[in-house]
Amino acid sequence: MPQIDVNQLNQAKANVTLTQTLLSQAIEKANSDPTLAQEAMKQASSEISSALSAVTQAQNTVKSTSSE
C-alpha cells in the first residue's frame, strides 16, 4: 500500500487556512482600503498555488509508489 506524505498534506492545509484568513481580510477591506484588499487577494492566490502544489506532490508520491 502506498504511503501518503502527511507532511505535504499538512502544508496544503496550512496554505488553505492562510488563504481563508487573507480572503477574509480582503472582504473586510474591500470598501475601505481597496489596495490592501487587492494585496490580500494576491497573497491568497499564491497560497492556493502552494496548496495545490503540495497536494500534487503528495499525489505523485502515491502514484509512483503504487506503480512500483
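Keep in mind that what you see is a predicted model, and the values were worked out from it rather than measured. (Residues numbered from 1 in each chain as written. Predicted model: local features only at pLDDT ≥ 70, side-chain atom pairs only at ≥ 80, totals over all residues. Heavy atoms only, no water.)

Considerations on the environment of Leu9
Here comes step 1: Relative to the helices and strands, Leu9 resides in helix H1 (residues 6–29).
Here comes step 2: For Leu9, a relative accessible area of 36% translates into the label partly exposed.
Here comes step 3: Among all residues touching Leu9, those that are not within four sequence positions of it are Ile4 and Ala58. (Helix = DSSP H or I, 4+ residues; strand = E, 2+ residues; numbered from the N terminus. Buried < 20%, exposed > 50% of the residue type's maximum accessible area, 1.4 Å probe, protein only. Contact = heavy atoms within 4.5 Å.)

Concerning H1
Here comes step 1: Taking 1.5 Å per residue as the helical rise, H1 with its 24 residues ought to reach 34 Å, and the 35 Å between its terminal C-alpha atoms agrees with that figure.
Here comes step 2: Taken residue by residue, H1 has Ala12, Asn15, Thr19, Leu22 and Ala26 as its buried positions.
Here comes step 3: At its buried positions, H1 is contacted by helix H2 (34–66).
Here comes step 4: With a side-chain oxygen positioned 3.1 Å from the backbone nitrogen of Asn7, the residue opening H1 is Asp5. (Expected span 1.5 Å × (residues − 1). Polar contact = N/O pair within 3.5 Å; in protein donor to acceptor, adjacent residues only side chain to side chain.)

What about H2?
Here comes step 1: The first and last C-alpha atoms of H2 sit 48 Å apart over 33 residues, in line with the 48 Å expected at 1.5 Å per residue.
Here comes step 2: Taken as a whole, H2 has its buried residues at Ala37, Ala40, Ala44, Glu47, Ala51, Ala54 and Ala58.
Here comes step 3: For H2, the secondary structure elements touched by its buried residues are H1.

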